[in-house]
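A structural walkthrough
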Amino acid sequence: MTTKALWSGGRLSYGGDWNPEQWPPEVWRTDVALMREAGVNLVTVGVFAWSRLEPAPGRYTFDWLDRVLDLLHAAGIRAALATPTASPPPWFTHAHPDAMPVTADGARLHHGSRDTYCAAAPAYRAAARHIAATLAARYAHHPALALWHVHNEYGTICHCVHAEAAFRRWLADRHGDLDALNDAWVTSFWGQHYADWAHVGAPRATQYLGNPGQLLDFRRFWSDTLLTAYTEQRDVLRAANPAVPVTTNYVLGDWVPVDHARWAREVDLVAVDHYPDRVDGGAEEQTALAADLARGWARHGAGRPAPWLLMESAPDQIHTPGRMHTKEPGRMTRHSLAHVARGSAGVMFFQWRAPAGGAERFHSAVVSHAGADTRVFREATALGAALSRLGGTEAGRVEARVAIAYDAASGWALRHPGMPRAGLDHPGEVAAAHRALWHAGITTDLVMPGDPLDGHRLLVLPALYLTSDATADWVRRHVHAGGHLLVTWLSGVADEHARVRLGGYPGAYRDLLGVRVEEFHPLADDERAPLTSGGFGRIWSETLHLAGAEQVTAYIGGVLDGRPAVTRHRIGDARAWYVSTRPDDDTYRRLLTDAARLAGVVPTCPAAPPGVEAVRRRDGERSWLFLLNHTDRPQRVPAAGHELLTGEPVDDQVTVPPGGVAVLCEPPR
Ligand code: GLA
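Here is a short report on the structure shown in this document. Model, not experiment: these values are computed from the prediction.

Examining the pairing of strand S10 (residues 323-326)
The side chains of a regular strand alternate between the sheet's two faces. Alignment of strand S9 (residues 317-320) against S10, held across 4 bridges, turns out to be antiparallel. Paired with isoleucine 318 across the strands is histidine 325, a residue of S10. Taken together, S9 and the strand that follows it, S10, pair antiparallel across an intervening segment of 2 residues, in which glycine 322 is found at a positive phi of about 95 degrees.

What follows is the structure, encoded as structure tokens:
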């Protein structure tokens, strides 16, 4: 990742997806005037516009996009110009039925939605490169162009013959020969041994459980296939004008077959879309986690702290399963500034204007079906003004001394149906650890195995199931350098091919933790395992033997009565904790607070009252303290400096309004 600058003048980006192709030119002019009123300086255009740019093969209608970009430029608004390849036009589908995706059970999907293509199909790839090259030839030097936005939310998976052929090539590259493949996939089990590459296929629907190694490799392969589809377009765009940064917007979710960390090395700026789906305080926890993940990917890609961009977010809705919840006043601003506090180079919405029809006609928009005389437009305008006062804060690096490891492949591997329990979820366990630390007021970095741990006093591995020798080494080096460690159940159990490490769980970390796990005792959904610390464990429990570690907490009752649940192993000055169950939220918060304290880490703003989120960014002597009040009462926080949103000096205490935000430029240390 090269992190080419989006803006030179230290301004935060502000705007969202704009779809002028859905409207007549009079509306474009109204929109641009409203954007100026709201302080918008960046809009994403053209995301799904392929059929409007190329209505028939090789026939282009660029006149409307010319006018749109000129209009934006005249208004001083810059464009993130998309390549429209997430929605191939009907003519493409009809000409290339073999480029339509095939599900695992063999159904071929049809035109009528979006994202209906196979990224391994040669016809699709050629058409995507071609439209990207045609756009680049026309707009690569347009003065409004700030950023190329390739595609939209890569994620469609396919099991067709093109995908299978590409999978075999990828496997040959990864494993070298069939012996190595058979070994990695343990094909001796159920007589799956392969003697001919031509017999190796995509993991299609089968009679019973599929091969875990095959499923895992297919996920990795598909992430790489989508990545190549992206880099092909990127290279075409870069060749036309190397000065313009190129990115694609990441979509977050368990279904996404993309290892975003690996992609971070290939984008000029990590860009994420974030849509929380919980209405209670969960939306705020999810926002903090998504922002910390995005920052982690950016850091992983650049090899050092780097900015990232919130490319999409919903102005006024939270989509819960089955219902759209309208955000309460101030919540949009809090979510937006939480992203900025945690490193986003700006705030972008999906979408600027709500469409009059189409599948997402009731999705959130800055200019809603009711127009611009609305609460949401007024809040968006106030947010634009707030962002203009925060320019410069992006120089600060987010302060975090606790790191949580995240690994997409561990998430994929744990979802194999042959695990000892359904619903095992590495991202969910990452979220639980992050949530506990968020409630403890401790800011965390998300890191990928192997990333530099600089200044991180405590490393947390939540159900980091897959552990290569290199990952085990990375963890060992951290501890031997004096870093503290907290490992939870299922970590280190398997190698990078999902083969179980023998000799007792948690395989790779047994010695470091000074424990040996003999048996798993997965818990039922409604089962609780009481703990001597108070509270209880959920989801999982284990028969654990001490082998150097001391017992911190034991199970109470049942077959594990009196046996260790949480342990601690002293290695020099460091401590290596093992947690063999998922503690309830309160117990987990207390446990992680203790582990952090022993590691010398305290909350970001120890005096902040409950419900006030605090994040500090620092650049040498300068620092900024973001305070987000998630309660419905004013909250007083001991702090000093200059409050940037009100422009008021703060001597020793700032009052953050109900549901509001304060950002202090603090006096030098
Ligand atoms: C995603 C997509 C958008 C739109 C929004 C709706 O992030 O990128 O095109 O579908 O979700 O919330």
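Re the pattern of salt bridges
Throughout the structure, instances matching the rule amount to 41 salt bridges. With its nearest N and O atoms 2.9 Å apart, the salt bridge here joins aspartate 495 to arginine 499. The buried category is assigned to aspartate 495, whose relative accessible area is 10%. A salt bridge links arginine 590 to aspartate 586; the nearest nitrogen and oxygen atoms lie 3.7 Å apart. Separated by 4 residues within a single helix, arginine 590 and aspartate 586 lie in helix H17 (residues 585-598), roughly one turn from each other. We classify arginine 590 as partly exposed; its relative accessible area is 34%. Judged by relative accessible area, aspartate 586 falls into the partly exposed class, the value being 38%.

With respect to the environment of histidine 141
Inspection of the secondary structure assignment puts histidine 141 in the loop between helix H5 (122-139) and strand S4 (145-149). If sequence neighbours within four positions are ignored, histidine 141 has contacts with Ala240 and Asn241. Within the structure, histidine 141 has its side chain in polar contact with the side chain of asparagine 241 (distance 3.3 Å).

What to know about the site of the ligand
The environment of the ligand is made up of Phe48, Arg114, Asn152, Glu153, Asp273, Tyr275, Glu312, Phe350, Glu360 and His363. One of the side-chain N or O atoms of glutamate 360 is found 2.6 Å from an oxygen atom in the ligand. Take histidine 363: an N or O atom from its side chain is 3.1 Å from an oxygen atom of the ligand. The protein chains hide 93% of the 310 Å² of surface that the ligand would expose on its own. Here the shell around the ligand is built from residues that sort into 3 nonpolar, 2 polar and 5 charged.

Thoughts on the sheet that holds strand S18 (residues 529-530)
An order of S18-S19-S24 is seen for the 3 strands of this open sheet, with the pairing classed as antiparallel. Looking at the sheet topology across the chains shown, the edges are occupied by S18 and strand S24 (582-583).

As for the layout of surface pockets
Estimates place the volume of the second largest pocket at around 870 Å³. Residue lining of the second largest pocket: 37 residues in total, with Gly210, Asn211, Pro212, Gly213 and His416 positioned closest to the centre. Secondary-structure elements contributing two or more residues to the lining of the second largest pocket are helix H8 (212-240) and helix H13 (408-414). If one sorts the elements of the lining of the second largest pocket by residue count, H8 sits on top with 6 residues. When the residues that make up the lining of the second largest pocket are grouped by side-chain class, the tally is 26 nonpolar, 8 polar and 3 charged.

Regarding the sheet that holds strand S7 (residues 270-273)
The 9 strands lie next to each other as S5-S4-S3-S2-S1-S11-S8-S7-S6, forming an open sheet whose pairing is parallel. Both edges of this open sheet fall to strand S5 (246-247) and strand S6 (249-251), since each of them pairs with a single strand only. Two elements, strand S8 (residues 308-312) and strand S11 (residues 344-349), share 2 bridges in a ladder whose sense is parallel. Each residue of the ladder has a partner; that of tryptophan 308, found in S11, is serine 344. Helix H3 (residues 63-74) contacts strand S1 (13-18), strand S2 (42-45) and strand S3 (78-82) of the sheet and is inclined by roughly 175 degrees relative to S2. Contacts from helix H10 (residues 282-302) reach S6, S7 and S8, with the element oriented near 160 degrees to S7.

Observations regarding the side chain of threonine 393
Mapped onto the elements of the fold, threonine 393 is located in the loop between helix H12 (375-389) and strand S12 (397-398). With residues near it in sequence (within four places) discarded, threonine 393 still touches Arg617, Trp624, Phe626 and Leu644.

Considerations on empty space enclosed by the protein
For the coordinates displayed, the defined rule picks out 7 cavities of 30 Å³ or more. Approximately 50 Å³ is the volume found for the largest cavity. Around the largest cavity sit Ser87, Pro88, Thr93, His111, Gly112, Ser113, Arg114, Asp115 and Thr116, which together line it. Here the lining of the largest cavity is built from residues that sort into 1 nonpolar, 6 polar and 2 charged.

Side note on the nonpolar core
Membership of the largest hydrophobic core comes to 150 residues, with the highest contact counts inside it found for Trp18, Val45, Leu72, Trp148, Trp222, Trp297 and Trp352. Among the elements that make up this core, the one with the highest residue count is H5 (9 residues). Ignoring sequence-local partners within four residues, the contact set of leucine 72 consists of Trp18, Val32, Met35, Val43, Val45, Ile77 and Ala79. Residues Ala409, Leu464, Val479 and Val493 belong to the second largest nonpolar core, which totals 42 residues.

Concerning H5
With 18 residues, H5 should cover 26 Å at 1.5 Å per step; its first-to-last C-alpha distance of 26 Å lies within 8% of that length. Inspection of H5 places Ala123, Tyr124, Arg125, Ala127, Ala128, Ile131, Ala132, Thr134, Leu135, Ala136 and Tyr139 among the buried residues, and these make up the whole buried set. Elements that come into contact with the buried residues of H5 comprise helix H2 (50-53), H3, S3, helix H4 (90-95), S4 and H8.

Thoughts on the packing of helix H11 (residues 331-341) against H12
Following both chains from N to C, one finds H11 and H12 inclined at 30 degrees, their axes separated by 9 Å at the closest point. Between H11 and H12, the crossing angle belongs to the class labelled roughly parallel. Both H11 and H12 take part in a crossing whose hand is right-handed. Contact residues: H11 offers Arg331, Met332, Thr333, Ser336, Leu337 and Val340, while H12 offers Val376, Glu379, Ala380, Leu383 and Leu387. By residue class, the composition of the contact of H11 with H12 is 7 nonpolar, 2 polar and 2 charged.

Some points on the side chain of threonine 116
Considering the arrangement of structural elements, one finds threonine 116 in the loop between H4 and H5. Of the polar contacts made by the side chain of threonine 116, one reaches the backbone oxygen of arginine 114; its length is 3.0 Å. Every residue in contact with threonine 116, bar those within four places of it in the chain, is listed here: Pro88, Met100, Pro101, Leu109, His110 and His111.

A few points about a nonpolar patch on the surface
On the surface, Val186, Phe189, Trp190 and Tyr208 cluster together to form a nonpolar patch covering roughly 470 Å² of accessible area. Turning to its location among the elements, tyrosine 208 is positioned in the loop between helix H7 (178-184) and H8. Accessibility expressed as a relative area gives 55% for tyrosine 208, which makes it exposed.

Details of unusual backbone geometry
Omega for the bond connecting phenylalanine 350 with glutamine 351 falls within 30 degrees of zero, at 20 degrees, which places this linkage in the cis form. The residue glutamine 351 is located in the loop between S11 and H12 in this model. Omega for the peptide link from tyrosine 505 to proline 506 comes to -10 degrees, which places this bond in the cis form. Tracing the chain through its elements places proline 506 in the loop between strand S16 (484-488) and helix H16 (510-513).

Conventions and cut-offs
- Residues numbered from 1 in each chain as written.
- Predicted model: local features only at pLDDT ≥ 70, side-chain atom pairs only at ≥ 80, totals over all residues.
- Heavy atoms only, no water.
- Pairing = 2+ DSSP bridges.
- Helix = DSSP H or I, 4+ residues; strand = E, 2+ residues; numbered from the N terminus.
- Salt bridge = Lys/Arg side-chain N within 4 Å of Asp/Glu carboxyl O.
- Buried < 20%, exposed > 50% of the residue type's maximum accessible area, 1.4 Å probe, protein only.
- Contact = heavy atoms within 4.5 Å.
- Polar contact = N/O pair within 3.5 Å; in protein donor to acceptor, adjacent residues only side chain to side chain.
- Near = heavy atom within 4 Å.
- Areas by Shrake-Rupley, 256 points an atom, 1.4 Å probe, with all protein chains shown as cover.
- Nonpolar A, V, L, I, M, F, W, Y, C, P; charged D, E, K, R; others polar.
- 1 Å grid on protein atoms, 1.4 Å probe; cavity = no way out; pocket = protein on both sides within 12 Å on 5 of 7 lines; lining within 4 Å.
- Points joined across faces, edges and corners; volume = space filled by probe spheres on them.
- Axes fitted to C-alpha atoms, helices over the stretch in contact; angles between N-to-C directions.
- Core = buried A, V, L, I, M, F, W, Y, C linked by side-chain atoms within 4.5 Å.
- Expected span 1.5 Å × (residues − 1).
- Parallel < 35°, antiparallel > 145°, perpendicular 65-115°, else oblique.
- Left-handed = near helix turned anticlockwise from the far one by under 90°.
- Patch = residues over 30% accessible without salt bridge, like charges linked within 9 Å, V, L, I, M, F, W, Y side chains within 5 Å.

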